[in-house]
Amino acid sequence: MSTVSSIGDEMRQQRAQQDKIRHRLYLFVLAIFALIWMSPVIWTVVTSFRTEPSLQRNLASFIPVPFTTENWTFILSSGNLWKWFGNSVIVSTIHTLAQLVVCSLAAYAFARLDFYLKRPLYLLVLVGLMVPFQATFLPVYLLFSNLKLHNTLIALILPGIASSFAVFLMTQFFRGIPKELEEAAMMDGAGRFRIFITIIIPLSVPVMTALAIFTFLGNWNSYLWPLVSATSTEVYTLVIGLRKVSQSWGFVDFYGRNMAAAIFTALPIVIFFFAFQRRIISGIAINSGIK
Amino acid sequence: MSGVVDLIFNALEIFNPIFAPYRRFNEKLSPKGQQTLTAFIFIAPFGILYSIFTILPIFQTIWISLHRWEIMGTNIQYFGLKNYERLLTVDTQFQQAFGQTIIFVALSIPIIFVGLLFALMLNRPIKGIGIFRTIFYLPNIIAVTVIGLIWSRVFASDDRGLLNAIIVNFGGESIPFLNRGDLATIVVAFTTLWWTVGFSMLIFLAGLQDIPDSLYDAAKVDGANRWHQFRYITIPGLQRPFAFLSVLQVIASFQIFGQVDVMTGGGPAGNTRTIVYNIFEVSFEYFQVGYGAAMAVIMLVILMVISIIQLAVFRDQGVGN
């Protein structure tokens, strides 16, 4: 009896050992593939630490010799990139907060109140899911031209705050919150707004965080609108600033500097990503309505 | 926390007299009327912004497209359907851009399959495999300017690009990746794949994890081999992600702009110009907003038709919410 079980144990151990080796090997192959897949990024980082003369001689090197921080000190000491970084932070933060407030209020009405015109209004909200900004931004551009609001941060913040998707997502979520919680509060004489603040919002923190993260990312990375609206250097966002910088410095002469600026632009959002990694990965399933 | 909120609300009650007329009005209404009033107040901020930035612009775009309309607003005249006539009959540039957009849509389909491949590769219960999910998803969150810049440097011509530098180092002849229309198209499409494949991967990973293990166990008992398991359990189980991603991919590819603007500027010889790039060019470089708006309307119609087909298909299959 005991010998049988010890043979079983041995076999199990052996298999576990084999699995471990196989897993290690698998991870190793994956690592090689990931290195190749990300090699342009690695090359970009390396290039930002190389000198121009050595880049002129040979671009294709993954070793930063001779090593220099010249490119980095140049871009970090030019105030523009920091200024644009600040603009991006301000625009994306205000845009995200405003969207949460504006859209959650509307979503609460659609999820909980029984009112006239509810269905047609909700359908009108859903129309927005089908209308890409790229197809309707021309009148918005003309509106801001008439108001003389181009080249202000307000112009970069306002469009997109009223997001159909945000209302849709939160309406779905609010509908799932048990009504009894509110009814008890209503017995105590609390108004709708008070219920919204004290009951609904605290229960919706996860979905709102997920939404906020993606709104922030989307706004930080937005391209077409800031490209046409912000045409003067002081109001560029980081993303648009990088485009202008790489055009004006020219690649032939300032290869390393351009690469440093590209990394400077990507870095804040990469840090943001690692800070919220779990929520981003799980939020994608929520946001795309797959789960 | 709730104590503080209560305190604030109680403090706010000193403003009650101001709202007295509103209260009196509200009390006269039927219960549904009262809720309607409350609902409209809740919706108002959204409603105003939504009207200005989404709903009205649809109609304004159509209106502008019926005019000869210069961007400074000095020269506006009614044009009827002349803009559309020009688009559809004589404007070979737009027709080329339209065809090019369709090509990009077609070239984006592989992204879904590469995403599936990555998901299958990473859907194993191995410790440490999560890192690779992060790595392959990472490019997706980075701005298009950065992505475009990096890849345009990889593919730059002569020995000013990484790939060509390598080719030249090995004694080969440099390839004009970005200076030949067909190659530039592939380069832009590949860059898009590299940038966005992580998203498809994550959607498929979520889908794979939704397939119950019991299905595979049952199949194993029945002696199904790996291919059969994949073919008859995995693929049908991923119907939802497939449907979702293909629609999303088509819609996103119709709107390709950033990559083209950063990497090729629509060139060479207009070979990578897309519809959105053409709208941008016509409106902001030739200042013909009316004409740009006509292109925008055509794009809007196509995307709405796709969305409606999507809704119909999803409803029939019981897919989606």
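Residues numbered from 1 in each chain as written. Chains lettered and ligands numbered in written order. Predicted model: local features only at pLDDT ≥ 70, side-chain atom pairs only at ≥ 80, totals over all residues.

Caption draft 1: Structural detail: the overall build of chain A. The helix and strand tally for chain A stands at 16 helices and zero strands. Taken over C-alpha atoms, the radius of gyration comes to 26 Å for chain A, far larger than the 19 Å a tight globule of 291 residues would show. In terms of its C-alpha atoms, chain A occupies a principal-axis envelope of roughly 85 × 75 × 30 Å. Here chain A holds 291 residues, and the buried ones make up 38% of them. (Helix = DSSP H or I, 4+ residues; strand = E, 2+ residues; numbered from the N terminus. Rg over C-alpha atoms; globule rule 2.2 N^0.38 Å. Buried ≥ 20, exposed ≤ 12 C-beta atoms within 10 Å, placed from the backbone.)

Caption draft 2: Molecular detail of the overall build of chain B. Within chain B, the regular secondary structure consists of 15 helices and two strands. Relative to the globule expectation of 20 Å for 321 residues, the C-alpha radius of gyration of chain B, 27 Å, shows a markedly less compact shape. Here the C-alpha coordinates of chain B stretch approximately 85 × 70 × 40 Å along the principal axes. Here chain B holds 321 residues, and the buried ones make up 36% of them. A separation of at least 24 residues holds for 64% of the contacts in chain B among residues at least 6 apart in sequence. (Contact = placed C-beta atoms within 7 Å.)

Caption draft 3: Representation of unusual backbone geometry in the model. Cis rather than trans, the peptide bond between A:Val65 and A:Pro66 has omega equal to -5 degrees. Looking at the secondary structure, you find A:Pro66 in the loop between helix H3 (52-57) and helix H4 (70-77). Not every positive phi belongs to a glycine, and A:Leu117 is a case in point at roughly 70 degrees. Among the structural elements, A:Leu117 can be located in the loop between helix H5 (79-112) and helix H6 (118-127). Residue A:Leu117 is classed as exposed on the basis of its C-beta count, with 11 C-beta atoms lying within 10 Å. The phi torsion at B:Ala269 lies on the positive side, around 50 degrees, for a residue other than glycine.

Caption draft 4: Fine view of the interface of chain B and chain A. Taken together, the contact pairs 71 residues of chain B with 70 residues of chain A. With 19 residues, the single largest contributor to the side of chain B that touches chain A is helix H3 (residues 31-65) of chain B. Per-class residue counts for the side of chain B that touches chain A are 48 nonpolar, 19 polar and four charged. (Nonpolar A, V, L, I, M, F, W, Y, C, P; charged D, E, K, R; others polar.)

Caption draft 5: Here's a closer look at the packing of helix H5 (residues 92-122) of chain B against helix H9 (residues 181-210) of chain B. Residues and elements named next belong to chain B. The geometry of H5 relative to H9 is characterised by a closest axis approach of 6 Å and an angle of 45 degrees between their N-to-C directions. As judged from the angle between their axes, H5 and H9 are oblique. When the axes of H5 and H9 are compared, the crossing they make is right-handed. Across the contact of H5 with H9, the residue classes tally to 18 nonpolar, six polar and no charged. (Axes fitted to C-alpha atoms, helices over the stretch in contact; angles between N-to-C directions. Parallel < 35°, antiparallel > 145°, perpendicular 65-115°, else oblique. Left-handed = near helix turned anticlockwise from the far one by under 90°.)

Caption draft 6: Inspection of the packing of H5(A) against H3(B) at higher detail. Where H5(A) meets H3(B), the axes come as close as 8 Å, and the angle between the chain directions of the two elements is 135 degrees. When the interaxial angle is binned, H5(A) and H3(B) end up oblique. Handedness of the H5(A)/H3(B) crossing: left-handed. Of the residues in H3(B), those in contact with A:Val102, A:Cys103, A:Leu105, A:Ala106, A:Tyr108 and A:Ala109 of H5(A) are B:Ala39, B:Phe42, B:Ile43, B:Pro45, B:Phe46 and B:Leu49.

Caption draft 7: Geometry of the domain arrangement of chain A. All names here are of chain A. Assigned domains of chain A: these are domain 1 (2-70) and domain 2 (78-287). The distance between the C-alpha centroids of domain 1 and domain 2 comes to 36 Å. Counting residues at the interface gives seven residues for domain 1, matched by six residues for domain 2. No other element matches helix H2 (residues 39-47), which puts three residues into the side of domain 1 that touches domain 2. (Domains from an automatic or database assignment.)

Caption draft 8: The arrangement of the environment of B:Thr89 in detail. Residues and elements named next belong to chain B. For threonine 89, the position within the fold is in helix H4 (residues 82-90). The class of threonine 89 is exposed, set by 9 C-beta atoms lying within 10 Å. Here the alpha-carbon distance between threonine 89 and tyrosine 216, two residues 127 residues apart in the chain, equals 56 Å.

Caption draft 9: Looking closely at H3(B). Where H3(B) bends most, the angle comes to about 50 degrees, and this point is B:Ile43, followed within four residues by the proline B:Pro45. Along H3(B), the positions that sit buried rather than exposed are B:Ala39, B:Phe42, B:Ile43, B:Phe46, B:Leu49, B:Tyr50, B:Phe53, B:Thr54, B:Pro57, B:Thr61, B:Ile64 and B:Ser65. (Bend = angle between axes of the 7 residues up to and from the residue.)

Caption draft 10: Layout of the environment of B:Ala269. Residues and elements named next belong to chain B. The residue alanine 269 is located in the loop between helix H13 (258-263) and helix H14 (275-284) in this model. On the basis of neighbour counts, which here come to 12 C-beta atoms within 10 Å, the residue alanine 269 falls in the exposed class. A sequence separation of 74 residues divides alanine 269 from tryptophan 195, and the C-alpha atoms of the two residues are 25 Å apart.

Caption draft 11: Looking closely at the domain arrangement of chain B. Domain assignment breaks chain B into domain 1 (2-65) and domain 2 (84-317). Once you take the C-alpha centre of each, domain 1 of chain B and domain 2 of chain B turn out to be 41 Å apart.

Caption draft 12: Spotlight on the confidence of the model for chain B. Residue and element names in this part refer to chain B. In the predicted model, chain B carries a mean pLDDT of 88, and the fraction of residues at 70 or more is 97%. When mean pLDDT is compared element by element in chain B, H3 scores highest at 94, while helix H1 (residues 2-12) scores lowest at 78. Reported confidences for the modelled complex are a pTM of 0.90 and an ipTM of 0.89. (pLDDT = per-residue confidence, 0-100.)

Caption draft 13: Spatial organisation of the environment of B:Trp195. All names here are of chain B. With respect to the helices and strands, the residue tryptophan 195 is situated in helix H9. Taking C-alpha positions, tryptophan 195 is 57 Å from proline 21, a pair spaced 174 residues apart along the chain. Setting aside anything within four residues of it in sequence, one finds tryptophan 195 in contact with Pro139, Asn140 and Ile147.

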